[in-house]
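Chain by chain, the residues run as shown.
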Protein chains: 4
Amino acid sequence: MIKAGVLGATGAVGQRFVEFLQNHPWFELSTLAASERSAGKPYAEATKWRLSTPLNREVSEMEVINVMDIKNIDADIVFSALPSDVAYAVELKYAEEGFVVASNASAHRMEDDVPLVIPEVNKEHLELIDIQKDKRKWNGCIVTNPNCSTIMMTMALKPLMRFGIRRVYVATMQAVSGAGYTGVPSMAILDNIIPFIAGEERKMETEPLKILGELENERIVNANISISASCHRVPVLDGHTEAIWVEFDDVVEPDDVMEKFESFDHGLQDLPTLPENSIMIHKDEDRPQPRLDRDLGRGMTVSVGRIRKSENGIKFIVLGHNTVRGAAGASVLNAELMVDMGIVKS
Amino acid sequence: MIKAGVLGATGAVGQRFVEFLQNHPWFELSTLAASERSAGKPYAEATKWRLSTPLNREVSEMEVINVMDIKNIDADIVFSALPSDVAYAVELKYAEEGFVVASNASAHRMEDDVPLVIPEVNKEHLELIDIQKDKRKWNGCIVTNPNCSTIMMTMALKPLMRFGIRRVYVATMQAVSGAGYTGVPSMAILDNIIPFIAGEERKMETEPLKILGELENERIVNANISISASCHRVPVLDGHTEAIWVEFDDVVEPDDVMEKFESFDHGLQDLPTLPENSIMIHKDEDRPQPRLDRDLGRGMTVSVGRIRKSENGIKFIVLGHNTVRGAAGASVLNAELMVDMGIVKS
Amino acid sequence: MIKAGVLGATGAVGQRFVEFLQNHPWFELSTLAASERSAGKPYAEATKWRLSTPLNREVSEMEVINVMDIKNIDADIVFSALPSDVAYAVELKYAEEGFVVASNASAHRMEDDVPLVIPEVNKEHLELIDIQKDKRKWNGCIVTNPNCSTIMMTMALKPLMRFGIRRVYVATMQAVSGAGYTGVPSMAILDNIIPFIAGEERKMETEPLKILGELENERIVNANISISASCHRVPVLDGHTEAIWVEFDDVVEPDDVMEKFESFDHGLQDLPTLPENSIMIHKDEDRPQPRLDRDLGRGMTVSVGRIRKSENGIKFIVLGHNTVRGAAGASVLNAELMVDMGIVKS
Amino acid sequence: MIKAGVLGATGAVGQRFVEFLQNHPWFELSTLAASERSAGKPYAEATKWRLSTPLNREVSEMEVINVMDIKNIDADIVFSALPSDVAYAVELKYAEEGFVVASNASAHRMEDDVPLVIPEVNKEHLELIDIQKDKRKWNGCIVTNPNCSTIMMTMALKPLMRFGIRRVYVATMQAVSGAGYTGVPSMAILDNIIPFIAGEERKMETEPLKILGELENERIVNANISISASCHRVPVLDGHTEAIWVEFDDVVEPDDVMEKFESFDHGLQDLPTLPENSIMIHKDEDRPQPRLDRDLGRGMTVSVGRIRKSENGIKFIVLGHNTVRGAAGASVLNAELMVDMGIVKS
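Computed from a prediction, not measured in an experiment: that's the story for all the values here.

**Student:** Would you mind going over the interface of chain B and chain A with me for this structure?
**Tutor:** It is common to give the size of an interface as the accessible area lost on bringing the parts into contact. Each side of the interface is counted separately: chain B has 49 residues, and chain A has 48 residues. Scanning the region where chain B abuts chain A turns up twelve salt bridges. One can count 33 residue pairs in polar contact (both at pLDDT 80 or more) joining chain B with chain A. For the side of chain B that touches chain A, the secondary-structure elements that each account for two or more residues are β7 (165-174), α8 (186-189), α9 (200-211), β10 (226-233), β11 (240-248), α11 (290-293), β13 (302-310) and β14 (313-320) of chain B.

**Student:** Would you mind going over the side chain of Asn192 of chain B with me for this structure?
**Tutor:** Tracing the sequence through the fold places Asn192 of chain B in the loop between α8 and α9. What makes Asn192 of chain B buried here is its relative accessible area of 1%. Polar side-chain contacts of Asn192 of chain B include one of 3.0 Å to the backbone nitrogen of Arg291 of chain A. Residues contacting Asn192 of chain B, with those up to four places away along its chain left out, are Val236, Gln289, Pro290 and Arg291 of chain A together with Pro235 of chain B.

**Student:** Sorry, what's going on with the relation of the copies chain C and chain D here?
**Tutor:** Both copies of the chain are related through a single rotation about an axis accompanied by a shift along the same axis. For the pair chain C and chain D, the best superposition has an RMSD of 0.0 Å and corresponds to a rotation of 180° with a translation of 0.0 Å parallel to the axis. These values place the two chain copies in the arrangement generated by a two-fold rotation axis. Mapped onto chain D, 100% of the interface residues of chain C again fall at the interface, so both copies present the same surface.

**Student:** It is not clear to me how empty space enclosed by the protein should be interpreted in this structure. Could you clarify?
**Tutor:** Once rolled over the atoms, a probe with the size of a water molecule shows which space is left empty. Here the structure, examined in full by the defined rule, presents four cavities of 30 Å³ or more. Taken as a whole, the largest cavity holds about 160 Å³ of empty space. Residue lining of the largest cavity: 14 residues in total, with Leu190 of chain A, Leu190 of chain B, Leu190 of chain C together with Leu190 and Pro235 of chain D positioned closest to the centre. Taken together, the residues that form the lining of the largest cavity break down as ten nonpolar, no polar and four charged.

**Student:** Teacher, can you tell me more about the domain arrangement of chain A here?
**Tutor:** Residues and elements named next belong to chain A. According to the domain assignment, chain A contains domain 1 (2-147 + 327-340) and domain 2 (148-321). Placing a centre on the C-alpha atoms of domain 1 and another on those of domain 2 gives a separation of 24 Å. Taken together, the contact pairs 35 residues of domain 1 with 36 residues of domain 2. At the boundary of domain 1 with domain 2, total buried surface from both sides reaches about 2,900 Å², with 65% on carbon and sulfur atoms.

**Student:** Got a minute to help me understand the sheet that holds β11 of chain B in this structure?
**Tutor:** Strand pairing within a sheet occurs via backbone hydrogen bonds; the two strands may be parallel or antiparallel. Residues and elements named next belong to chain B. Strand order in the open sheet formed by six strands is β10-β7-β11-β14-β13-β12, and the pairing between neighbours is mixed. Unpaired on one side and paired on the other, β10 and β12 (279-281) mark the two borders of the sheet. Between one strand axis and the next, the sheet turns by 20° as a mean value, whatever way the strands run. Where β7 and β10 come together, eight bridges link them in parallel fashion. When the sheet's bridge partners are listed, Val170 is paired in β10 with Ala229. Against the sheet, α9 engages β7, β10 and β11, with an angle of about 145° to β10. Contacting β12, β13 and β14, helix α10 (residues 254-263) crosses the sheet at an angle of about 160° to β13.

**Student:** Hey, could you run me through the packing of helix α7 (residues 148-157) of chain C against helix α9 (residues 200-211) of chain C in this one?
**Tutor:** When two helices pack together, their arrangement is given by the angle between the helix axes and by the axis-to-axis distance. All names here are of chain C. At their nearest, the axes of α7 and α9 sit 9 Å apart, and the two run at 45° to each other. Considering the angle they form, α7 stands oblique to α9. In the packing of α7 onto α9, the handedness of the crossing is right-handed. The residues of α9 that touch α7, namely those facing Cys148, Ser149, Thr150, Met153 and Thr154, are Glu200, Lys203, Met204, Glu207, Pro208 and Ile211. Counted by class, the contact of α7 with α9 contains five nonpolar, three polar and three charged residues.

Basis of the calculations
- Along each chain, residue indices are assigned from 1 in the same order as the chain's sequence is written.
- Note on labels: chains are lettered from A, ligands numbered from 1, in written order.
- For a predicted model such as this one, the threshold for reporting local features is a pLDDT of at least 70, and the threshold for listing and counting side-chain atom pairs is 80 or more; totals across whole chains, interfaces and linings nevertheless cover every residue.
- Side-chain measures here rest on the full set of heavy atoms in the structure, leaving out hydrogens and waters.
- A contact between two residues is defined here by any heavy atoms of the two lying within 4.5 Å.
- By definition here, a salt bridge exists when the distance from a side-chain nitrogen of Lys or Arg to a carboxyl oxygen of Asp or Glu is within 4 Å.
- N or O atoms closer than or at 3.5 Å make up a polar contact, with two conditions inside protein: a donor-capable atom paired with an acceptor-capable one, and, for residues adjacent in sequence, both atoms drawn from side chains.
- Secondary structure is summarised from DSSP: a helix means a run of H or I of at least four residues, a strand means a run of E of at least two, and numbering begins at the N terminus for each.
- Here's how the labels work: a residue is buried when its accessible area is under 20% of the maximum for its type, exposed when over 50%, partly exposed in between, all with a 1.4 Å probe on protein chains only.
- Least squares is the method used to superpose the copies, on C-alpha atoms of residues holding a pLDDT of at least 70 in both.
- Grid points spaced at 1 Å over the protein atoms alone were grouped into cavities, where a 1.4 Å probe fits but cannot get out, and pockets, open sets with protein on both sides within 12 Å along at least five of seven lines, with lining residues defined by an atom within 4 Å of a point.
- Grid points are joined across faces, edges and corners, and a volume is the space filled by probe spheres set on the points.
- Throughout, the ten residues Ala, Val, Leu, Ile, Met, Phe, Trp, Tyr, Cys and Pro are labelled nonpolar, Asp, Glu, Lys and Arg are labelled charged, and all others, Gly among them, are labelled polar.
- Throughout, the edges of the domains are those of an automatic or database domain assignment.
- Buried area: the accessible surface (1.4 Å probe) lost by two parts on joining, summed over both.
- Two strands qualify as a pair provided that DSSP identifies no fewer than 2 bridges between them.
- Angles run from 0 to 180 degrees between N-to-C directions of axes, and those axes are lines fitted to C-alpha atoms, restricted for helices to the stretch in contact.
- For classification, angles of less than 35 degrees are called roughly parallel, those exceeding 145 degrees roughly antiparallel, those between 65 and 115 degrees roughly perpendicular, and all remaining angles oblique.
- In this scheme the crossing of two helices becomes right-handed for a clockwise turn of the near helix relative to the far one and left-handed for an anticlockwise turn of less than a right angle.

Right under this line is the structure:
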C-alpha cells in the first residue's frame, strides 16, 4: 500500500479526498493535515462530515496534523485540497521536502514545468515531472489537475482535435457545491441564477490550451484554439452542465463527432478510479441532466448529448460531477496513473 | 375605450392578458373566450387564478364564451393566447371576420405578410398590415409578437446592428413558467437542469432575422446574421437569462457596446405598457439575476449586464420576464402601438 | 422462483415495483400489466423509465399486458400499483380469480377482513387472509400496506405502545414524489409550501388505529388512540419528514423512549428487503434530514431523531423514503413475509 | 418628523429597517449605526443592498456611525437590529443615555419590566415603560417585539382566548431568510428540510405566555397555556408557515373560530404600517401558501386558513412574512404606536 496524506482535509474537497482514499485498493490514508485550528483534534471532531458515504471509524479517530508541521507528515504522496490563498506556498514547501504533491488547487497549474493532467487526455505531459525536478532541484514534485469545468469540456474536445478545432464557445450552468459548503447562500440562489463565478471564465479559456498542447523539446506548445466562456451558477447541488459550440477547420457533421467520441481510445491501463466509460454518449434529446447523470461511473464518467449541427460547426451538451470527476477524483486518478507509471512508490 | 377580447383566456398566458387588461387605461375587457369546456361558466370558475395581482370582481363574474362562437364576440381587438394546435385555424377565422388579432402564438409569425413586431425594434413592419389585408381580402388582420427568448435577445441586438452583426451564439437558462402552469413537473426540475426545450432553438435562430430585417418593396428582407442557440430549462419561476456572444464586421470594444445601449432611441411615443427604460444596463459584475431583476419596469424592462470582450467580439448577459415582456406584455404593447398609429380604433 | 406480476406497471410506483423485482432473489418478474393504452408495447416504450437504477434489458423488452386480460396473467402473486379509481374493482377481480394481490392502493385497506400490514408492526394480522378467503369464497386474497406517511409514523409508535399512547399530533412535510411524476407542477412548489394533500390527513388518522389494533375473535379491535394530522407538501424530491407529539398514560421521559426504540425486536426472520435496522436513531440535533437520510437501508430504514420532552409527553422527528419504504418496498416486504410464512408459493 | 436611527443597519434585518424608514411618513432616517468595521463608510459601501426596493440616493450616501459612539447618535428613537451577542449590553447603554430603543433582538424580551408587544394583541403592556424608567432610573427605555414565529402564532391565538386556551401544539416550516443572508447554505437546504432551529422552540413556548398575559399590579401575569413547538427550516425564501392545534376549555367548532377571527377588533387607530387586515382568512383548502400570500398587506397581514376540527379542539394554518411582520415591520409598528400614544416625540 502507498501511504497517502490529505492537505486541507477538513474542507469540502478534502472530505471528497478522504471518501476516495478511505477504502482505496492502492492507497492507505496515513495523514490528515489541516490548519492550526483543527490540529490535534480527531478528524470527526475537526470537521462536520457531510457526505452520504459513511466515514470509517478509524479515519474518524485519526488526529489531524497541522499542515505546517511537515516533519510530522508520513506519506508517499500528498493530495492538496488547500484553499487557494495558502496552496501556493505550502505546496512548494512539500515538493521541496520531497513529497509528490497531487494538487486540485489552481496555484501552480499554469507554470511551465508543472503538468496539468487529465489521464485520458494528456498523460504524456507527466514527462514534465523530470524537467521540474531537474530545474528546481527537488526530490518531490507538483502535479495538478484542471479546474472542474475545464476537465469536462477538455475531455469532450480531445477526440475532436483531429478535425482542427479553431474556436470554442461555452456557457456553463454550475452546481453550488463548486463553491464549497458555505459558498452559495440559499438566499442567493433559490429561484435564481447568478451569471458570474469569480475567475472561472479565465480558467476555462486558458487551461485547455495547455492540456491540449504538445510536448516539444521539453516544453508544452499550447494548442492554437480560441475559447470564450460564460459561467453561471444554478440551483443544482452537484453536476456542472455545459453548452458547447465548436468551430473546425474541416467540414464536420454530427455523425463524424459521434463516431470520434465512440471510437476514442484513451490508451490507459485499468486504474481503480478510471470508469468503464470515460465519455458516455446520450441519445435522448433531453439528456444529459445533472441529477440523473452526475453519478454515472461513480461520478467519473463525463456525459455528452444533443450533438447537433450549428451554423458554423457543431454544438453539444457536456455534463460531469464537479466534486468527483472535477476535483478529488481527478487528483486521485492522476495519482493512480503515477503509481502505474512508477512515479509514485511506497 | 377600446373593446378587447382574450382568446384562450383560461391558460397561463391568458391570465397574464387578463391581468394587463383588467385595469388598462385604453382597453376595456369585453370578451373572455376559451374552449367549449369552459364556455358558459363565470371566468373565476372556468380557471384557477394563479397570479398575485387580484382578479377584479366584475372580470371574475364575466361569462366565458366558446372561442368558436365568433358571432358572439364583441371586441375591437382580440388578443390570442391560444395553444399552438388550434391557434392557426382560429386566428385565420377571426381575421377573416374582421378582427384585429394580436397574437402571442407562433402559428403565423413567419408568414411573409404577417408583421412580427417588437415596438422598440421594428415598428415600421406594421406596414405589412395593409399588404396582408389587400392580399387576403380581409377587413381584419393578424399581428404577432416573437417567442419569449427571441424578444429579449433581439432587443439587445438591435442597438448593435450598426457594427455589422455577423454571427450570434446564445445559451438560454429559461424559467419554468415558460412551459405553462403544468408544463414542468417538480420531479423533473428540482436539483436539475433540462438541456432541451422543444422548438425553442429553431425559433431563436429564425425569428430575429425577420424582426431585424428591412422592409423593401412591400417585403421583408431578412437580416444576414447567423444565429446558433442552445436552450435549457432551469429551476427558476420567472425570468429567462441568456448568455450571448456577438461577432461583428467592425472591431468593437465593450465601451462601444455600452455607448450604443445607452444612446439607443426607440423613437416611440409614450404608451401605457412601455417602460421608462426598455433596456437597463447593470454595472455589478454579478447582475442581472432573474429573481432580482425580472420585475424591473413592471416586468417590461430588459436587463443587460456583464458586457465584456470575447476572443472574437463581445459577450454579455440578457434577462427579461418571460411571461410579461416575453408574452402578454409584448402583445399588449403591440396593440397600444397600433392604437397610437390609428390601426385599432373603438 | 416465485412468479410476480405488476398491475399498473407504467406509473411512478409501478416503476418502483419493477426496480425491486427485476433483480429480486425470490421473485421473478413474469408479467407487466397496465391500461389498454400501453398493452402490446414493449415495457421500455410503454413508459419513460425515470429511476436512476438502470432497467434490465429483458424487462425493457417484455410486452405489456392489458390489466383486464386476466386470463393472460401468469403470476403466483401480483403487486398492485393501480390508480385509486380502478384499483377497487380490478383487485377484487384478481383475488376472485385466485391471485394473491399485494396492494399499495388504498381501495381495500380499511375493510374488516383485509390485512393492512407492516411486517415489523403487525405481521399477525395476516391471519385475516384465511377469514377473508372463507368469507368471500376466494382462492386468492388481498393484502394491503398503509399509506406512505402512515407507515413511518406507525413504525415509530409501535415500540411505544406499552406506555399507553393516548393521543398523537403529527405535522408532515411530504416530498413531491408522493403525488406521482406529474402530480406537483414546479410552478406550484418552487419557493413554496402547499399546506394540503387530498385525503392524507384522514388516512393518517384512521389507518394506524387498525394497524396497531389487536386481532381478537377473528376481528381487529382498533387501538384506542386519538390522532390528529396536518399534512403539507414541500419542495423535496423524496422522503417524508414528520413532526410527532405523543401523549401517554404513563409518565415518560425521552430516555425511556430511546430505550424502547433501541430494544425493539420485530421478531422477523431475515427477508431480502428487510433492512438491517428498521428504525435508526439519530443523535445529531439537526437530523434526520430527507436528502441525507432517505436512502438509509436502501430506502427501507425509518429514521427517528430529536427525541425530546414536550409539555405533555414526548416529541420527535420521523423520516422515511416515501416511494420505497412508503410504497413499493412496503408491498414487496409484505410479499416476502407471505412467502416466508408459506402463504405465497411458486 | 421624528428622527430615527438604526443600530446594526448593515445586516439583513437592518436593511429591512432602512427600507421601512427611508420613505416613512412620520420617521426621518437620521442615523445609521453599525460595527466599527463599517464606521466611516457611506451606507451603500458598508453593506451590499439586497432588497428589491431601491435604496434612496441620500440614504446610500449617509455615513455609517460606529454603534459605540453614542454621543454621535442623533435620534428620537433607535431601532435595534443588533446581533444577539452584542444587543444586550448596547441596548442597555442606549436606554441609559436616554434613547427609546425599539428592539427586534431577543436579549431583553423576557425581562419583567420590558414590554414585549404586538400592537394588535397587547398594546396595554406599554404601560411597563413607566415602571421600567422608574425602576432603572432611565430617561430612555427598551421596548421589544417577539420572535418572528411567535408573532404570527400569537396574533392568531389572541381572538381565541375567550374560549379558554389550554394547550397549543405548533409545527413550523420556516423560510431561510429568518437565518440572515448567509445563515443557510444552499448545500444545506436544496431538496432538503432541516428539522432544527437553535433556540426557536423555546422562544415559541415562552414568549406567547407573556404577550397573552395580563398586566396586574404593575406586573405581567403570564397566560396559563401550555405550548409545545417543533421548528423546521424549509427551502422557501420568505414566509413562515405554521400548523397549529389548539385545545380549549370550551367545546369549540370551526365556525366559532372563524367568527372570532372575523369579528376581532384590535382597537387601534390608523397607523402607517398597520395593514387593512391584520388577519386574513383564506377559504381555499390549499391556502395560505408562502409564495402567494406572504406579501399581503405589504407583508404585514397574517394569513389563516384550513380551520378544521381536530380530535380534541381545532387545527389551522398560519402564515406571515418573517422579515416584515416578523421583524422590522413589527418594531416599526410598535414605534408608530408609541408615537400615537405620545411616548415617542420629536
